[in-house]
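Summary of structural features
The lines below spell out each chain.
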Amino acid sequence: MKTFDYTIKDELGIHARPAGLLVKEAKKFASECTITKDGKSKKLTQLMMLMSLGVKQGDTVTISAEGADEDTAIEALKDFFEKNL
């Protein structure tokens, strides 16, 4: 399993538009990709579960990928977060 921590910089946090894009990005990989905030983990491929975390600006989340392509997945997700959130 590969992980990284990220502090959200977007002033609106993870809102509908970037959440939808994030789900599309996570679905590209065979690995199971998850986001964890305050001890609660959700799959990145489930939009409503992702939105239910209520991630705001300044929150630190942990992103993880586990599976056959976890190295590729974690690099792509890290790049996504840095560019979009």
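That block above? That's the structure.
This write-up is about the structure you can find in this document. (Residues numbered from 1 in each chain as written. Predicted model: local features only at pLDDT ≥ 70, side-chain atom pairs only at ≥ 80, totals over all residues. Heavy atoms only, no water.)

Tallying secondary structure elements over the protein gives 3 helices and 4 strands in all. Going residue by residue from the N terminus, the α and β elements of the protein occur as β-α-β-β-α-β-α. Scaling as 2.2 N^0.38, a compact globule of 85 residues should have a C-alpha radius of gyration of about 12 Å, and the protein matches this with 11 Å. Here the C-alpha coordinates of the protein stretch approximately 35 × 25 × 20 Å along the principal axes. Put simply, the protein has 85 residues, and 40% of those count as buried. Looking at the protein as shown, the accessible area adds up to about 4800 Å², and 48% of this sits on carbon and sulfur atoms. Positive and negative side-chain charges in the protein, numbering 13 and 14 respectively, have mean positions lying 6 Å apart. (Helix = DSSP H or I, 4+ residues; strand = E, 2+ residues; numbered from the N terminus. Rg over C-alpha atoms; globule rule 2.2 N^0.38 Å. Buried < 20%, exposed > 50% of the residue type's maximum accessible area, 1.4 Å probe, protein only. Areas by Shrake-Rupley, 256 points an atom, 1.4 Å probe, with all protein chains shown as cover. Lys, Arg positive; Asp, Glu negative; His and termini not counted. Charge placed at Lys NZ, Arg CZ, Asp CG, Glu CD.)

Once that is clear, we can look at the side chain of E70. Note that E70 resides in helix 3 (residues 70-84). In this structure, E70 is buried with no salt-bridge partner, the nearest side chain bearing the opposite charge being K2 at 5.1 Å. With residues near it in sequence (within four places) discarded, E70 still touches M1, K2, S31 and A65. (Salt bridge = Lys/Arg side-chain N within 4 Å of Asp/Glu carboxyl O. Contact = heavy atoms within 4.5 Å.)

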